[in-house]
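Understanding the architecture of this molecule
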Amino acid sequence: MAEITASMVKELREKTDAPMMECKKALAEAGGDMARAEEILRVKLGNKAGKAAARITAEGIVGIWLADDRRSGAIVEVNCETDFVARNDDFLAFVRELAALAGRVAPPDVAALSALPMGEGTVETTRTALVGRIGENVSVRRFARVAAEGRLASYVHGGAKIGVLIDVDGGDEALAKDLAMHVAASKPRALSQSGVPADDVERERSIAQQKAVESGKPAGIVAKMVEGAVQKYLKEVTLLGQPFVKDDKLTVEQLLAQRGARVARFELYVVGEGIERKQTDFAAEVAAQAAAAVAR
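Now for a look at the structure at hand. (Residues numbered from 1 in each chain as written. Predicted model: local features only at pLDDT ≥ 70, side-chain atom pairs only at ≥ 80, totals over all residues. Heavy atoms only, no water.)

1. So, the pattern of salt bridges
Counted by the stated rule, this structure contains 20 salt bridges. The closest approach of N and O atoms between E227 and R205, which form a salt bridge, is 3.3 Å. Of this pair, E227 sits in helix α11 (residues 219-237) while R205 sits in helix α10 (residues 198-214), and the two are 22 residues apart along the sequence. Classification of E227 by relative accessible area gives partly exposed; the value is 35%. Across the pair E236 and K232 runs a salt bridge whose closest N-O atoms are separated by 2.6 Å. With E236 and K232 both in helix α11 and four residues apart, this pair spans about one turn of that helix. A relative accessible area of 51% means that K232 is categorised as exposed. Each member of the salt-bridge network shares a partner with another, and the members are E59, D83, R87 and K161. (Salt bridge = Lys/Arg side-chain N within 4 Å of Asp/Glu carboxyl O. Helix = DSSP H or I, 4+ residues; strand = E, 2+ residues; numbered from the N terminus. Buried < 20%, exposed > 50% of the residue type's maximum accessible area, 1.4 Å probe, protein only.)

This is the structure we're talking about:
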């Protein structure tokens, strides 16, 4: 019997997008013949999954699950290729079930989440079967499971393209909901200044330095201008420093102090954030299809 190596399984998985164990079984059945193993998987899973594997998944939705006592919850982002599929009932059901699974089991990462039981198989086999049914690539991009110090509130916006999960200790349910909506609207990058990446701060400082030097001001004034610009940036990108969306005379930090509350943590997911989207020239695509039809 041919030896089935990890590299062979990896190669087949990349070609077909099938689960690892299914790839290993197919290779064993095919005696190590890669082409035959691919054929076996095509028969078992359909040919859509493999073709979809390389396509960009920048659409999708954010799913949120909250425990009944709101002391724990989870937020997930699941991507697909088109907004049409993001509204598909099967796709939506998969995301809901996935969010609940992430919240109840608390796996350490996406790989562990994908290996959890779901339906008659695992999350991964369910995802692969979904790809085969809808004909588009589907990917579980990220998730966060939150154990609250206070109580969790959530908010989704824009057809679940933006999702927020926030842990508020103190205050009331209305305040927590308002804060979740604020995060969705203002999109802070961190809770406080200490959470802003040092590289981002240094980049802003460098930009401010170059602008200030061009002003021709004395060195002492330039230093103050730079520090002022950095502090302004930090207020803009931190939740506590931002003006509250429902009363811009108050910062979120001041609002929390007034209400005797604090935010322990928040998670903000924006669908497709950071994914390079494919730019389609629709007119050129139609022309190419017409030309192909004539050639036939």
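2. Observations concerning the packing of aromatic side chains
Using the criterion set out here, one finds zero aromatic pairs in the structure. Above the ring of Y269, the side-chain terminus of R142 is found at 4.1 Å from the ring centroid. (Phe/Tyr/Trp six-rings, centres within 6.5 Å; stacked < 30°, edge-to-face > 60°. Lys NZ or Arg CZ within 6 Å of the ring centre and 35° of its normal.)

3. Considerations on the packing of helix α9 (residues 173-186) against helix α12 (residues 252-259)
Angle between the axes and distance between the axes: these two values describe a pair of packed helices. Running from amino to carboxyl end, α9 crosses α12 at an angle of 175 degrees, the nearest separation of the two axes being 12 Å. Judged by the angle between their axes, α9 and α12 are roughly antiparallel. Of α12, the residues touching α9 (which contributes L175, L179 and H182) are V252, L255, L256 and R259. Here the residues of the contact of α9 with α12 sort into five nonpolar, one polar and one charged. (Axes fitted to C-alpha atoms, helices over the stretch in contact; angles between N-to-C directions. Parallel < 35°, antiparallel > 145°, perpendicular 65-115°, else oblique. Contact = heavy atoms within 4.5 Å. Nonpolar A, V, L, I, M, F, W, Y, C, P; charged D, E, K, R; others polar.)

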